[in-house]
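# Results of the structural survey
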Amino acid sequence: MNIVILGSGNAATHFGQQFQKIGQHIVQIYSKTKANADALAFALHCTAIDQLSELDLHADLYLVAVSDQAILPVIEALPKDLTGIVVHCSGATDLSVLTEFKNAGVIYPPQSLSKNKAVDFSAIPFCVEGNTDQNSATLLQLAQTFAPQSIYCNSQQRLAIHLASVMVNNFSNILYQMAYELLEENNLSFDLIKPIILETAEKVQNHIPITVQTGPAIRQDVATMQKHLQFISNKPDLQQIYQLLSQEITKRK
């Protein structure tokens, strides 16, 4: 495939590297910031552009790899008579935003991507959707060349995966930060709880989470929970989070 990547950030970088590894041809990198386009294009040995008027109109795939807020502006600026497949890689954006294109789809990786951190795409189940059966098959075949666990899923299913990913990634991370601050206030190192973080993450690789739930809430140890709440009586937000999460655990007992 001849591929144009619109974007120069984390997703664009990783997709570009993976496409190149499997022998696809990156034609252009577009970014409204020319320096960013130049940097990624240099790494991928292709052309950099910062004006969509310079877009190659004969590519097989146009990957819109920008932030969710930037997807619509980029899509609206693209020529609508493109014959290649126009694809975005957002988990929370419906396929319907691409209805003006004859060939369209989504390739979404439920993974946190950072430019400077290597990612093993072969371990990620990419979520693929196309506006026709043929486009779905083409995109799934492409994704499975570097991510064998890739699956077809519709926009609603992809949104569910995105929300679940936010819960286990972003929500858990802010809990880590709150725990870090609590320990720091008491002259303790966050390193002390890193083993239990790893232990919990390892358990859910092979078990349904609720079956390995531990702690005072699942035991209905009211006395301990009251001690905890008293200990953070000067932190009403943390108290509320503690109570809500404990209720969710208790109702599943």
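These remarks concern the structure in this document. (Residues numbered from 1 in each chain as written. Predicted model: local features only at pLDDT ≥ 70, side-chain atom pairs only at ≥ 80, totals over all residues. Heavy atoms only, no water.)

### Comments concerning helix α5 (residues 155–185)
The periodicity of an α-helix, 3.6 residues per turn, causes residues three or four positions apart to be oriented the same way. Taking 1.5 Å per residue, 31 residues should reach 45 Å; α5 reaches 44 Å between its end C-alpha atoms and fits that length. At Val-166, α5 is deflected by roughly 30 degrees, the largest bend along its length. Here α5 has its buried residues at Ser-155, Arg-158, Ser-172, Met-178 and Leu-183. The secondary structure elements touched by the buried residues of α5 are β5 (85–88), β6 (104–108), β7 (127–130) and α9 (236–250). You can read the cap of α5 off the contacts: a side-chain oxygen lies 3.1 Å from the backbone nitrogen of Gln-156, and it is on Asn-154. Asn-187 occupies a position one or two residues after α5 and carries a positive phi of about 55 degrees. (Helix = DSSP H or I, 4+ residues; strand = E, 2+ residues; numbered from the N terminus. Expected span 1.5 Å × (residues − 1). Bend = angle between axes of the 7 residues up to and from the residue. Buried < 20%, exposed > 50% of the residue type's maximum accessible area, 1.4 Å probe, protein only. Contact = heavy atoms within 4.5 Å. Polar contact = N/O pair within 3.5 Å; in protein donor to acceptor, adjacent residues only side chain to side chain.)

### Side note on the environment of Thr-200
Here Thr-200 lies in helix α6 (residues 194–203). Owing to a relative accessible area of 45%, Thr-200 belongs among the partly exposed residues under this scheme. The sequence separation of Thr-200 and Ile-210 amounts to ten residues, and the corresponding C-alpha distance is 11 Å.

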